[in-house]
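Working through the structure, step by step
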Amino acid sequence: MAGRHRSSHGPGGAAGLKGRLVVAFAVLGSLVAGPSPAVESLAVETLRLERAGAVWRANVEWRVPWDRDPFNQVHQGVPIGFTVELKLFRERGWWFDASVGSTSVRREVYFNRLTRQYRVIDWASGQRLFTREWSRARKRVQRAGGVALPEAEDLAPEAEYYVGVRVVARREQLSLPARVVAAMTSLWEGASEWRYRSLPR
């Protein structure tokens, strides 16, 4: 008597595997179809410059669309980080020289689902804020104050200088599944537009 043939594909067989692949590619296709509105909405709102003696410092505030993916994942315990990049340029006629100097600062916010607290880290100073209030955590992670401008102590007095700043969302802080998707798409290759301001004499 001939035995019955059993599929080697397990439960669901080839049809189930095909269905899962179709769903996976459909989701990936929807992500690749267009740029992420969340990344496009990331923007520098304020750039203030102040001088203390020979040192120039920058205060930066930026906007984050926390109600959209992937930023709203912070409330599920996904760490969300930002890098603030600052560059100092010297003007020459109608174009900028290569940057005179550059620096960066990092901020990160994380929600501990066990303690129900938000933790905001300033990686430059090591300062940490623990709070149960999202408004306080959001306000702290969206600003960087008193950042010393690089090479700003030895500027030519007759030259014009400009400071440029942008904010970059750090995809390496995403969960493993989100990093896999990010590596296959352009969702996290974006950043805010550069914002410039002249350095007062």
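In short, a report on the structure. (Residues numbered from 1 in each chain as written. Predicted model: local features only at pLDDT ≥ 70, side-chain atom pairs only at ≥ 80, totals over all residues. Heavy atoms only, no water.)

1. Looking at the pairing of strand β6 (residues 117–122)
Looking along a regular strand, one sees the side chains alternate between the two faces of the sheet. Here strand β5 (residues 101–112) runs beside β6; their pairing, made up of six bridges, is antiparallel. From the neighbouring strand, Asn112 faces β6, where its bridge partner is Gln117. Where β5 folds back onto β6 in an antiparallel hairpin, the turn is made up of four residues, including Arg116, whose phi is positive at roughly 60 degrees. Direction of pairing for β6 relative to strand β7 (residues 128–131): antiparallel, over a ladder of four bridges. (Pairing = 2+ DSSP bridges. Helix = DSSP H or I, 4+ residues; strand = E, 2+ residues; numbered from the N terminus.)

2. Comments concerning the sheet that holds strand β8 (residues 143–148)
Strand order in the open sheet made by the three strands is β1-β2-β8, with antiparallel pairing throughout. Sheet topology places β1 (43–52) and β8 at the edges, where each strand pairs with a single neighbour. With strand direction ignored, the average angle separating the axes of adjacent strands in the sheet is 15 degrees. (Axes fitted to C-alpha atoms, helices over the stretch in contact; angles between N-to-C directions.)

3. Quick word on the nonpolar core
Trp62, Trp66, Phe82 and Val109 are the most contacted members of the largest nonpolar core, which totals 37 residues. Going through the elements one at a time, β1, β2 (55–63), β3 (80–92), β5, β6, α3 (134–141), β8 and β9 (161–170) are the ones with two or more residues in this core. Excluding anything up to four places from it in sequence, Val109 contacts Trp66, Val74, Val78, Pro79, Ile80, Tyr118, Arg119, Val120, Trp134, Ala137 and Val141. (Core = buried A, V, L, I, M, F, W, Y, C linked by side-chain atoms within 4.5 Å. Buried < 20%, exposed > 50% of the residue type's maximum accessible area, 1.4 Å probe, protein only. Contact = heavy atoms within 4.5 Å.)

4. Some words on the side chain of Arg107
Checked against the element boundaries, Arg107 lands in strand β5. For Arg107, a relative accessible area of 8% puts it in the buried group. A distance of 2.9 Å separates polar atoms of two side chains, one belonging to Arg107 and the other to Asp122. Only 3.2 Å separates the side chain of Arg107 from the backbone oxygen of Arg143, close enough to count as a polar contact. (Polar contact = N/O pair within 3.5 Å; in protein donor to acceptor, adjacent residues only side chain to side chain.)

5. Observations regarding the pattern of salt bridges
Enumeration according to the criterion identifies six salt bridges in this entry. The partner of Glu61 in a salt bridge is Arg143, with the nearest N and O atoms 3.6 Å apart. Here the residue Glu61 occupies a position in strand β2, and Arg143 occupies one in strand β8, the gap between them amounting to 82 residues. Arg143 sits in the partly exposed class, given a relative accessible area of 34%. Across the salt bridge formed by Asp122 and Arg107, the nearest N and O atoms sit 2.9 Å from each other. Of this pair, Asp122 sits in strand β6 while Arg107 sits in strand β5, placing them 15 residues apart in sequence. Accessibility classification places Asp122 together with Arg107 in one group, the buried group. A cluster of three or more residues bridged by salt bridges with shared partners is formed by Arg48, Glu61 and Arg143. (Salt bridge = Lys/Arg side-chain N within 4 Å of Asp/Glu carboxyl O.)

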